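Remarks on the overall topology
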Amino acid sequence: MMKKKSLCASRASLVLFLCQMISSLDVPLDLSQPPTITQQSPKDYIVDPRENIVIQCEAKGKPPPSFSWTRNGTHFDIDKDAQVTMKPNSGTLVINIMNGGKAEAYEGVYQCTARNERGAAISNNIVIRPSRSPLWTKEKLEPNHVREGDSLVLHCRPPVGLPPPIIFWMDNAFQRLPQSERVSQGLNGDLYFSNVQPEDTREDYICYARFNHTQTIQQKQPISVKVFSMDSLNDTIAANLSDTDIYGAKPVTERQPVLLTPTGSTSTKVELRGNVLLLECIAAGLPTPVIRWIKEGGELPANRTFFENFKKTLKITDVSEADSGNYKCIARNTLGSAHHVISVTVKAAPYWITAPRNLVLSPGEHGNLICRANGNPKPDISWLANGVPIAIAPEDPSRKVDGDTIIFSHVQERSSAVYQCNASNEYGYLLANAFVNVLAEPPRILTPANKLYQVIADSPALLDCAYFGSPKPEIEWFKGVKGSILRGNEYVFHDNGTLEIPVAQKDSTGTYTCVARNELGKTQNEVQLEVKDPTMIIKQPEYKVIQRYGQVSFECIIKHDSTLSPTVIWLKDNDELPDDERFLVGKDNLTIMNVTDKDDGTYTCIVNTTLDSVSASAVLTVVAAPPTPAIIYARPNPPFDLELTGQLERSIELSWIPGDENNSPITSFVIEYEDGLHEPGVWHYQTEVPGTQTTVQLKLSPYVNYSFRVIAVNEIGRSQPSEPSEQYLTKSASPDENPSNVQGIGSEPDNLVITWESLKGFQSNGPGLQYKVSWRQKDVDDEWTSVIVANVSKYIVSGTPTFVPYEIKVQALNDLGYAPEPSVVIGHSGEDLPMVAPGNVQVFVINSTLAKVHWDPVPLKTVRGHLQGYKVYYWKVQSLSRRSRRHVEKKILTFRGNKTVGMLPGLEPYSSYKLNVRVVNGKGEGPASPDKLFRTPEGVPGSPSFLKITNPTLDSLTLEWGSPTHPNGVLTSYILKFQPINNTHELGPLVEIRIPANESSLILKNLNYSTRYKFYFNAQTSVGSGNQITEEAVTIMDEAMASRQVDIATQGWFIGLMCAVALLILILLIVCFIRRNKGGKYPVKEKEDAHADPEIQPMKEDDGTFGEYSDAEDHKPLKKGSRTPSDRTVKKEDSDDSLVDYGEGVNGQFNEDGSFIGQYSGKKEKEPAEGNESSEAPSPVNAMNSFV
């Protein structure tokens, strides 16, 4: 099967192309024309509040237009707002948010106007709104206890953001919660359970809201769901239910469907034309209901209808008024069904039927601007002229407004203007600019002269003749230099000047002339047309059936135009061929070696040229091969019987006989050689040839004693090397090449060191290898100075001037002659230190930590070497805020190349610095420039060196501090801020105090007693505030209150009560001893041996309890929680509810959402309070514990 496709084969696409060309004819920019808006921001523009706001407005016109803006209907003066700038030669606004501006301050409706002497164009109303990603409101979430089989809805209720967030549900491990027909997320973000099952029990149902615009994700507090059944109701749940709840509960029963959303039997939905319609039905029931959708009185639209969320969501794309109607969802299970009808109404924002287009007229001509739009409800049409409602615009006797049309008659140059058509209804608006440009211009042709068009025979040919003129020129086409005008059905003449030849033939080739004329003149242009032969596949690939591990080949022989260069591509199953060396693509075929089952499929040959494309396909079927005995694969045996023939001075022929390939074909042979004269015993790679070749012509070098060996290679590996061939000594010859990497670099100011890489042994081509070294001073010496040296790699020329260029060449020679003339390289004699320091050193202080230094470059002749750059030495002389001098540490910055300016970063504020500049070459540094003194201005200070809080009283605290280690200027004051912290760690109101700079302590009075305060302290200079340090401290407790708490334990009634309780406990213990010793026994043999008398059994020392006891009648396992091991730990299987597991004590804490954030702790008492907090007064319970 063969398919053929040409670049212009589609008549529909051709018509569309021509329509686009006709509707977009532009006035050349060198002619006067009103402004045209070319680019603008979207109508609803949501911006990132963290980034600069860019409101686009670009326009073209002649003269170039100027731009202005309105904001919320009034003029927006950008010159009065330092945060707003307009791009040069553009109307685009840039609002600087990243340097202090706030996006909320620039919310509003913006409109751009582009104006020149011929009119004014306006942009859409651009509504600027910053995106918002608010936090989730705090709420207390109660656990959901649900009976198995019941329905459940977990509400998400995300914060309202701009744009709205994307909702999804995950667990604590950030894994998406699985969804199904039974459990799914609704369009509103809620999670719906048609019926709950025991596996739905979990404590981490978490709703997430992702705000894409600000790239943030907000998380709702986890929701807990516990599913219970009457058969497995645990003791804890039973204790919290009444008897009626328990006995009234029924086992899980099946239920017919009930709709969870939407509610009721009917609802309505309004959607706009062109949008996506989403309808949703989610039902409860057991078994899980299945959802089905129908449209009453019609069919769901084909190709635009999709079902999502397990068919609970009906999605119809690109809706139109025809999609209005009643849509019914039906939820059904084995017990019945439920349904809901959604009445859908499709409204429409305005859309164009005919948008107004630019109108170019010559003086005295007539024309129309037409603006037609539709919508639901039908939009209102209004006209503006140069951005002003046409009713109040200046009068123009040449125009008349007739509803959606403006009629122009007998226009003059003053009639040029830009008209705006506004079509609006309650769902939106459309705004279009169209200018009327009155010009008198002779014709001009815009298509390049002699443009070449190439097409395939029997396909359409389109010859362009883009033109402009006013009045509109008439276009005529001619073929040949003196041909007649083209007419007839074989040609199509388009309004934009294009000539179409619907079916081009070979005889259509030639020169075509386009002539444009109007009353002001005439012009013409020639284009060339070449018609090519089509590309054809004359031998197509054919269907093949091949046994596994066999070989198959597909042919693809083509015929094409001789002037086109085809490319052939093979595809497998409409995809690229596998990256496998088994696939061999030849000029006319595709071969697959060692076919496997995965090679089964359709293979396509595609032939492409610049003008057309053809393809043909064939199917390959792979079948099993008949059973064969097991094959042993191994490396090949080494080749043998090596023979040298055809001996010449620079070549020889080597042949051999391959060894056994051992069931794996030989893929290649590797030939190696040994040089018995220079490197005996060392084998070198010579070449590699395909496995089908057993002879090779080898290139040889002179003066080498060759012997060769051959290695065979297959897929298993390489064979052992063959036996060496006989030796062959080639004749000597003069060298073929010269040394490489020749360089000339001086090591001293008065020498030139010439170095090179010597030739290797076999490169010498003969005995007596030497080198002729030649040099001369560039542009000074005419004659070369030469010397012949032995086989070395360096020669030193002494007595040279300092750093001057030399021409250098090194030539190899041996006893038989010289190598070819070497190439010349440029070197330099030795460098010396620079002689002159940079002058005119200037320092410009940019800010308190950065300065710019500038200097004049030194003359290159004084550098006396390769200029590597300049070094700036700078050091701090003194800190102006501290008169003490420190050890001077010089810093160095190096600026590469011939730079004359550099930046000095990392300076200390309010300090004196010195610097000098030196030039650097390969030898070292030159003299330093005179030291330049400069000062850095004040900066913000560092943080105070310390803040101590002492002498706490009932209502005061004493603060002491140290001045900043780095004041960075003259301190003007200190700023102290403080606020109380309550028991829930919430912060109270913030108080701020300014303290003179010469103070170092402060007593804060009138504070609350027994209250923790947090202090923030920082220093200030005239530049601003520095970093702050923080501390916390507590005022002491009211002494009277503390004494009252202590006095309770010393009251007589309290002591008597405690004694009575102790006596009662003692009597109970004695009774327990007597009862447990009657007929009792110990379960542990060791305890029986250790305590023979049960009457005097002591208490355990570690936990204060009595030894273990087992009643004679109690042989069953102990209940959970009835025994505590002697090591004071509670095993998990013994007590699931023990607070020890949750870290009862100071180390065990829970955060706001109930998640555990402390560490496990077995402590029984609170640790002492930190700082100056008062200790907790003993309570009666504590006193009882200590007494017992």
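For the structure given in this document, a descriptive report is provided here.

About the criteria used
Residues numbered from 1 in each chain as written. Predicted model: local features only at pLDDT ≥ 70, side-chain atom pairs only at ≥ 80, totals over all residues. Heavy atoms only, no water. Pairing = 2+ DSSP bridges. Helix = DSSP H or I, 4+ residues; strand = E, 2+ residues; numbered from the N terminus. Axes fitted to C-alpha atoms, helices over the stretch in contact; angles between N-to-C directions. Disulfide = S-S within 2.5 Å. Buried < 20%, exposed > 50% of the residue type's maximum accessible area, 1.4 Å probe, protein only. Patch = residues over 30% accessible without salt bridge, like charges linked within 9 Å, V, L, I, M, F, W, Y side chains within 5 Å. Areas by Shrake-Rupley, 256 points an atom, 1.4 Å probe, with all protein chains shown as cover. Salt bridge = Lys/Arg side-chain N within 4 Å of Asp/Glu carboxyl O. Core = buried A, V, L, I, M, F, W, Y, C linked by side-chain atoms within 4.5 Å. Contact = heavy atoms within 4.5 Å. Phe/Tyr/Trp six-rings, centres within 6.5 Å; stacked < 30°, edge-to-face > 60°. Lys NZ or Arg CZ within 6 Å of the ring centre and 35° of its normal.

Here we come to the sheet that holds strand S73 (residues 839–847). Strand pairs in the sheet, formed through backbone hydrogen bonds, run parallel or antiparallel to each other. Strands sit in the order S73-S74-S77 across an open sheet of 3 strands; the sheet is antiparallel. For this open sheet the edge positions go to S73 and strand S77 (901–904), each flanked by a neighbour on one side alone. Here the average twist between neighbouring strands, direction ignored, is 20°. Pairing between S73 and strand S74 (residues 850–856): 6 bridges, direction antiparallel. Note that in S74 the partner of Val-843 across the bridge is Val-853.

Covalent bonding between the sulfur atoms of two cysteines defines a disulfide. The final tally for this structure, using the stated rule, is 6 disulfides. The disulfide bridge from Cys-57 ends at Cys-112, spanning 2.0 Å between sulfur atoms. Disulfide Cys-57-Cys-112: the torsion about the S-S bond is -70°, which places it as left-handed. Here the residue Cys-57 occupies a position in strand S5 (residues 57–62), and Cys-112 occupies one in strand S10 (residues 108–116), the gap between them amounting to 55 residues. The burial state of Cys-57 is the same as that of Cys-112; both residues are buried.

With an omega of 0°, the peptide bond between Lys-62 and Pro-63 qualifies as cis. Summarising the element assignment, Pro-63 is placed in the loop between S5 and strand S6 (66–71). Omega for the peptide link from Asn-376 to Pro-377 comes to 5°, which places this bond in the cis form. Among the structural elements, Pro-377 can be located in the loop between strand S32 (372–376) and strand S33 (380–385). In this structure, Asp-458 is a non-glycine residue whose phi angle is positive, near 70°. Structurally, the position occupied by Asp-458 is in the loop between strand S40 (451–456) and strand S41 (461–463). Residue class for Asp-458 comes out exposed when judged on its relative accessible area of 54%. Non-glycine residue Asp-641 carries a positive phi angle of around 60°. Tracing the chain through its elements places Asp-641 in strand S58 (residues 640–645). On the basis of relative accessibility, which here comes to 53%, the residue Asp-641 falls in the exposed class.

Nonpolar side chains collect at one region of the surface, where Leu-1063, Leu-1066, Ile-1067, Leu-1069, Ile-1070, Val-1071 and Ile-1074 lie side by side and expose about 600 Å² of accessible area between them. Judged by relative accessible area, which is 41%, Val-1071 ranks as partly exposed.

Within the open sheet, the 4 strands sit side by side as S76-S75-S78-S79. Their pairing is antiparallel. Two strands bound the open sheet, and with one partner strand each, they are strand S76 (891–896) and strand S79 (932–935). Each neighbouring strand pair of the sheet contributes to a mean axis angle of 25°, computed without reference to strand direction. Relative to S76, strand S75 (residues 869–879) runs antiparallel, the two sharing 6 bridges. Across the sheet, residue Gly-869 finds its bridge partner in S76, namely Arg-896.

This next bit is on the nonpolar core. Grouped together as the largest cluster of nonpolar side chains are 28 residues, with contacts concentrated most on Ile-53, Ile-55, Trp-69, Ile-95 and Tyr-110. Of all the secondary structure elements, the ones that give two or more residues to this core are strand S4 (53–55), S5, S6, strand S9 (93–95), S10 and strand S12 (126–130). Per element, the largest residue contribution to this core is 3 residues, and it comes from S10. In contact with Ile-95, not counting residues within four places along its chain, are Asn-52, Ile-53, Ile-55, Gln-83, Val-84, Tyr-106 and Tyr-110.

A few words on the packing of aromatic side chains. Tallied over the entire structure, the rule returns 21 aromatic pairs. Ring centres of Phe-193 and Tyr-205 lie 5.8 Å apart, and the angle between their planes is 80°; this geometry places the pair in the edge-to-face category. One end of the pair, Phe-193, is in strand S17 (residues 191–193); the other, Tyr-205, is in strand S18 (residues 202–211), and 12 residues separate them in sequence. Look at Tyr-491 and Phe-493: their rings are 6.5 Å apart centre to centre, the planes differ by 40°, and that puts the pair in the tilted class. Taken together, the ring pairs connect Phe-168, Phe-174 and Tyr-208 into an aromatic cluster. Between the NZ or CZ atom of Lys-544 and the centre of the ring of Phe-554, over which it lies, the distance is 5.5 Å.

Next up on the list: the pairing of strand S59 (residues 651–657). Put simply, side chains in a regular strand alternate between the two faces of the sheet. Counted residue by residue, S59 has 5 buried out of 7 residues, so it is predominantly covered. Where S58 and S59 come together, 4 bridges link them in antiparallel fashion. Within S59, the residue paired with Glu-643 across the bridge is Ser-655. Linkage of S58 to S59, two consecutive antiparallel strands, is achieved through a turn of 5 residues, within which Gly-646 is found at a positive phi near 60°. Pairing between S59 and strand S62 (residues 695–699): 5 bridges, direction antiparallel. Its bridge partner lying in S62, Ile-652 is registered against Leu-698.

Fair warning: the whole summary comes from geometry, so function is off the table for now.
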